[in-house]
Structures are given as C-alpha cells and as structure tokens.
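Per-entry structural report
Take a look at the letters that make up each chain.
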Amino acid sequence: MPRISRRKLLGSTVITGAAAVFGSSSLNASQSPSSAPANGVDYYQKLGVTPFINAAGTYTVLSASTMPPEVQAAVALAAQHPVHLNELLVASGEYLAKRLRSEAALITAGAAAALTLGTAACVTLGNAGAILSIPTDMKELKNEVIVQKTHRYDYDHAIRNAGVRFVEVATVGEYEHAFTDRTVMAHFFNAGEGKISREDWVRIAHQHRVPCFNDAAADIPPISNLWNYTLMGFDLVTFSGGKGLRGPQCTGLLLGRKDLIEAARQNNSPNSNTIGRGMKVAKEEIVGLVAAVDWVLEQDEGAMQAEFQGRAERIADRLKSLPTLTTRIFVPAVANRVPHLLITYDPSRIRITGAQVIERMRQGNPRIELNPGTGGAPASAGLPGGPNTIIVGVWMMQPGEDMIVAGRLREVLEAAVNA
Ligand SMILES: *Cc1c(COP(=O)(O)O)cnc(C)c1O
C-alpha cells in the first residue's frame with residue numbers, strides 16, 4: 001500500500017468530513033499536526049454494520065443514545081492529550097457535585113458499574129482491607145442488602161457482584177424488622193413499583209444508620225431528577241450516562257455522600273487490586289459525561305418535550321387515514337418519561353403483526369428500529385401493548401427523521417391492508 005503523506009491525511013477534504021461529523025468549527029485543521037482530529041474513515045461502512053434511525057428509545061443493545069455535537073467535540077479534544085486519571089476523576093467529581101447539588105460525585109463505567117461500586121463502598125467504608133476481600137471473602141463483612149421484592153430486577157447482578165446477598169421485604173412492617181447487624185445497604189429501584197415509598201425507604205434506613213441507594217438510571221427527564229433523590233436523602237443515586245443524559249454510552253453517574261463516593265472511588269479503576277478494575281472509564285468518557293451534563297443543564301425541558309410531542313403528532317397524522325388504525329400519545333410514568341406514539345389497528349383489516357412490522361422496518365432502506373415494545377411489550381417495560389400494536393419512540397431521532405419513519409410505516413402498513 002502506498003504511503004500516504006501526513007499532509008494528504010490532513011488535507012482539506014478529510015478535515016471537512018471530520019468537522020461535519022462533529023458539527024463544530026472548534027476542531028481546527030490549522031492547529032499543530034498532533035492536535036488535528038483523526039481522519040474520517042467511516043468504520044461502520046468499512047465493517048459492514050448498518051446504522052439505523054432510532055425510533056426505539058435509549059435501549060442498551062441499540063447503543064442507547066447519540067452524543068450531541070458539543071459532547072462529541074469535547075470527547076475528540078480530550079483524546080488528544082494524556083492526563084492523570086485520578087486527577088480527572090476527582091476534578092470531574094467535584095465539578096459535577098457542584099452542578100448537581102450533591103455532596104460528591106463519581107463518574108463510573110455505566111449505572112451498572114455504579115451499582116457495584118456503590119455497594120462495594122457501603123461494604124468497605126472505613127475498612128480499606130475489605131477492598132481486597134470483596135466479593136469472595138465476606139465472612140467478616142456486612143453483606144445483607146434489603147430490597148423490596150418487587151424491586152428485584154435484571155440489574156441485581158451488578159449489586160451481587162460486590163459479594164452481598166438480598167433480603168426481600170414487601171411492607172413497611174417487614175422492612176422495619178429486616179435490619180440486622182449484617183445489613184449494609186437498602187436498595188431502591190426508582191422505576192419499580194412497591195408498597196414502600198421513597199420517603200419511608202430513606203427514613204427507616206437512616207433510623208438504622210444504613211445507607212440507601214436509589215437506581216434512577218433511566219429516569220431523566222425530568223432533568224431535576226439529577227438532584228431530586230439526593231436532596232430527598234438517598235445516600236447514593238445513579239444515572240446512566242448514555243441514556244437521557246446523552247453522554248458516552250459506557251458512562252454512569254454515582255452521586256451522593258462524600259465518604260461513600262470516596263470509598264467507591266477507592267474500589268474503582270485505575271486502582272489495580274479492586275473490584276472495579278474491569279470498570280475502567282477513559283479520559284474521553286469522563287470528559288464526555290461532564291460535557292453531557294453541561295449540555296443537559298442548558299436544555300429547555302418544556303421545549304424538548306414539545307419537540308417530542310410534535311414528532312409523535314406528525315407521525316400520527318401521516319398514518320391516521322389507514323383503515324381501523326388509531327393512535328395515542330402516552331408518557332410512561334417513571335422511566336423514559338417522554339411522549340411515545342402508540343398505534344393500534346384491527347389485524348383483520350391490516351394483516352401484519354407488530355413483530356413483522358419491526359422486521360420490515362429493520363430490513364428497509366433506511367434501516368429503522370422501532371420501540372421493542374412493538375407487538376406486545378414485556379410486562380416489565382411498563383408499556384401498553386398487544387400483537388397488533390406499534391410503539392414509536394421519538395426522542396432519540398435526529399431532526400427530520402420523524403417524517404422518514406412516518407413514510408416507511410405508512411408504506412409497510414398500507415401494503416398489508418386487506419382490500
Ligand atoms: C439502563 C439501566 C441500568 C444500567 O445502566 P448502564 O449505564 O447501561 O450501565 C441500570 N439500572 C436501570 C434501572 C437501567 O434502566
């Protein structure tokens with residue numbers, strides 16, 4: 001392969017491409033060569049992985065969200081220089097704590113990592129030796145985490161990774177009697193249902209001097225949730241960095257009490273002999289999440305919600321005239337609290353199932369991913385549904401994509417109309 005000169009790599013067409021991707025003129029081609037952005041090879045194309053229009057939402061397997069241009073630019077700049085990771089972790093934590101009205105903060109490798117590290121912090125607080133013991137050598141350590149039975153969920157595993165076991169309760173009375181001298185934490189799933197309120201959860205845990213954790217990973221918007229639960233008294237709260245916050249997907253926020261956040265940091269990468277060593281967060285990701293929080297705090301929540309509502313309405317308008325088809329815009333009660341479009345139809349008139357619509361949209365051009373609740377949501381997702389339903393998540397679309405989705409949906413459904 002001929003050697004490509006540096007000059008050629010930094011040539012104007014390449015830089016234009018990169019600037020277009022980052023949507024920012026701050027990436028200046030005339031800076032020194034070492035600070036120039038990498039050239040814009042499209043590796044999705046090269047690898048044969050076709051991106052899609054996100055009509056689903058912030059689903060992990062669908063890569064959750066995309067970073068706004070300001071965040072992408074901050075990540076690209078951070079990539080250019082080495083730093084001391086601990087300095088960056090401490091400085092970013094102090095900055096975020098101030099902005100989010102929390103005593104302290106730590107950027108983690110996702111909310112799931114924050115669950116592990118927050119639990120590890122509770123277990124090892126004031127006992128540095130325990131950092132080496134968890135999760136396998138728990139004999140001398142407190143290892144019971146109280147949780148509402150209805151708050152057991154897929155992310156339990158991240159908590160159990162710290163070597164603890166769950167003690168399940170269903171009522172306030174059971175909760176009050178579940179505390180023992182081995183109780184180390186009380187865990188709350190913010191989007192879960194259950195008989196015990198957040199306020200009671202915190203009050204009773206604190207009567208027993210036990211820290212309580214709230215997993216609110218998918219619960220932005222509202223933006224104010226970034227401080228609502230710490231102000232309510234939860235000692236630890238986590239948010240996913242790559243969902244509503246639109247930071248790098250592999251980041252999370254752990255907010256809360258200063259001593260616990262410091263203990264979580266001690267249990268984390270870059271410290272080698274720790275449970276968190278495999279949960280490394282890179283400098284680009286740390287900076288990316290700080291930039292994402294700055295970005296989110298600048299958003300006008302009302303305008304954002306109105307934009308989502310408008311997208312859902314435009315798609316509904318485009319489909320309404322199909323026989324038997326009805327539409328409804330709904331907002332889930334806790335997680336993913338943004339307008340979604342629910343489409344239902346009589347399957348004897350439009351002869352296609354939601355699952356088949358998903359497949360057609362996925363295989364079309366452009367490729368489109370509908371909300372996975374389409375065709376009958378799993379009960380746990382809290383979405384309305386049945387086989388003849390389609391759910392369109394509009395909040396992760398790029399401007400203009402709503403009408404592309406509407407047009408494709410109309411094509412797919414129209415082709416199935418039983419004349
Ligand atoms: C998404 C999610 C997580 C995990 O978040 P990551 O940032 O992907 O690690 C944890 N808990 C809940 C409730 C979630 O929705």
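What you are looking at is a predicted structure, and each value in this text was computed from that prediction instead of being measured. (Residues numbered from 1 in each chain as written. Predicted model: local features only at pLDDT ≥ 70, side-chain atom pairs only at ≥ 80, totals over all residues. Heavy atoms only, no water.)

Here we look at a nonpolar patch on the surface
Note the cut-off: Here, patches come from residues exposed beyond 30% relative accessible area and free of salt bridges, joined within 9 Å for like charges and within 5 Å for nonpolar side chains (Val, Leu, Ile, Met, Phe, Trp, Tyr). In these tables, accessible area is a Shrake-Rupley quantity obtained with a 1.4 Å probe, and a residue counts as shielded only by the protein chains included in the view. A pair is scored as a salt bridge if a Lys or Arg side-chain nitrogen falls within 4 Å of a carboxyl oxygen belonging to Asp or Glu. Helix numbers and strand numbers start at the N terminus; a helix is a DSSP run of H or I with at least 4 residues, a strand a run of E with at least 2. Categorising residues by exposure relies on relative accessible area from a 1.4 Å probe, with only protein chains included: less than 20% of the type maximum marks a residue as buried, more than 50% marks it as exposed, and the intermediate range marks it as partly exposed.
Taken together, the side chains of Val41, Tyr43, Tyr44, Leu47 and Val49 make up a nonpolar region of the molecular surface, amounting to roughly 540 Å² of accessible area. Turning to its location among the elements, Val49 is positioned in the loop between helix H3 (43–47) and strand E1 (53–55). Using a relative accessible area of 47% as the deciding quantity, one classes Val49 as partly exposed.

Describing the packing of aromatic side chains
Two numbers describe a pair of aromatic rings. These are the distance of the centres and the angle of the planes. Applied cut-off: Side-chain rings of Phe, Tyr and Trp, where Trp is taken by its six-membered ring, are said to pair if the distance between their centres is within 6.5 Å; with planes under 30 degrees apart they count as stacked, over 60 as edge-to-face, and otherwise as tilted.
Inspection of the entire model under this criterion finds 7 aromatic pairs. Taken together, Tyr175, Phe179, Phe188, Trp201 and Phe234 form an aromatic cluster joined through their ring pairs.

Quick notes on helix H5 (residues 85–99)
Residues that lie three or four places apart on an α-helix share one face, since the helix turns once every 3.6 residues. Heads up, the rule is: By this rule the span expected of a helix is its residue count minus one, scaled by 1.5 Å. The arc in question is the one spanned by the directions pointing from the helix axis to the C-beta atoms. The criterion used for residue contact is that any of the two residues' heavy atoms lie within 4.5 Å.
If you check H5, its first and last C-alpha atoms are 21 Å apart, about what 15 residues at 1.5 Å a residue would give, namely 21 Å. Among the residues of H5, Leu88, Leu89, Ser92, Gly93, Leu96 and Ala97 are the ones counted as buried. For H5, the angular spread of buried residues about the axis comes to 155°, placing them on one side. Along H5, the residues that are exposed and aim more than 90 degrees away from the buried face are Glu87, Glu94 and Lys98. Tucked inside the fold, the buried residues of H5 contact strand E2 (104–108), strand E8 (252–256) and helix H13 (283–297). Positive phi shows up at Arg101, right after H5, with a value of about 55°.

Focus: the side chain of Asn267
Mapped onto the elements, Asn267 comes out in the loop between helix H12 (258–266) and H13. Taking the relative accessible area as the measure of exposure, Asn267 reaches 0% and is therefore buried. Aside from chain neighbours lying at most four places away, what touches Asn267 is Leu117, Ala120, Ala121, Thr124, Ile131, Ile134, Thr274, Ile275 and Gly276.

Brief notes about unusual backbone geometry
Working note: non-glycine residues mostly have negative phi, and peptide bonds are mostly trans. Between Ile220 and the following residue, Pro221, the backbone shows a cis peptide bond with an omega angle of 0°. Among the secondary structure elements, Pro221 is positioned in the loop between strand E6 (212–215) and helix H11 (225–232). With omega at 0°, the peptide bond leading from Asn365 into Pro366 counts as cis. By secondary structure assignment, the location of Pro366 is in the loop between helix H15 (354–363) and strand E11 (368–370). One non-glycine residue, Ala64, adopts positive backbone phi at about 65°. Structurally, Ala64 can be placed in the loop between E1 and helix H4 (69–78). Positive phi outside glycine occurs at Arg246, with the angle close to 60°.

Here's the deal with the site of the ligand
In plain terms, the rule: Here a residue is considered near a molecule or strand provided that any single heavy atom belonging to it is located within 4 Å of it. Whenever two N or O atoms come within 3.5 Å, that pair is a polar contact, provided that in protein one can donate a hydrogen and the other can accept it, and provided that, for residues adjacent in sequence, both atoms are side-chain atoms.
As a structural note, the neighbourhood of the ligand is formed by Gly110, Ala111, Ala112, Tyr155, Phe189, Asp215, Ala217, Ala218, Ser240, Lys243 and Thr251. Residue Ala111 places a main-chain N or O atom 2.8 Å away from an oxygen atom belonging to the ligand. Contact with the protein chains covers 87% of the free accessible surface of the ligand, which is 380 Å².

With respect to the nonpolar core
In globular proteins that are soluble, nonpolar side chains generally tend to be buried together. Inclusion rule: As used here, the term nonpolar core means buried Ala, Val, Leu, Ile, Met, Phe, Trp, Tyr and Cys residues forming a set that is joined through side-chain atoms within 4.5 Å.
In terms of nonpolar packing, the biggest core is built from 79 residues, with Tyr175, Trp201, Leu226, Phe239, Leu245 and Leu253 touching the most fellow members. For Phe239, the residues in contact, after removing those within four places along its chain, are Ala111, Ala216, Ala217, Ile220, Asn225, Leu226, Tyr229, Leu245, Gly252, Leu253 and Leu255. Core analysis: the second largest hydrophobic core is formed by 33 residues, Leu341, Ile343, Leu370 and Val405 among them.

Quick notes on the packing of helix H14 (residues 301–319) against helix H16 (residues 401–414)
Note the following rule: Convention adopted: a line fitted to C-alpha atoms gives each axis, helices being fitted over their contacting stretch, and angles between N-to-C directions are expressed from 0 to 180 degrees. Any angle between 65 and 115 degrees counts as roughly perpendicular, while under 35 counts as roughly parallel, over 145 as roughly antiparallel, and the rest as oblique. Crossing chirality is assigned from the near helix's rotation relative to the far helix, an anticlockwise turn below a right angle marking it left-handed and a clockwise turn marking it right-handed. Three residue categories are used. Nonpolar comprises Ala, Val, Leu, Ile, Met, Phe, Trp, Tyr, Cys and Pro, charged comprises Asp, Glu, Lys and Arg, and polar comprises the others, including Gly.
The geometry of H14 relative to H16 is characterised by a closest axis approach of 9 Å and an angle of 25° between their N-to-C directions. Classified by the angle between their axes, H14 and H16 sit roughly parallel to one another. Crossing geometry of H14 relative to H16 is assigned as right-handed. For the pair formed by H14 and H16, the contact residues are Arg311, Arg314, Ile315, Arg318 and Leu319 on the first element and Asp402, Met403, Ala406, Leu409 and Arg410 on the second. Within the contact of H14 with H16, the residues separate by chemical class into 5 nonpolar, no polar and 5 charged.

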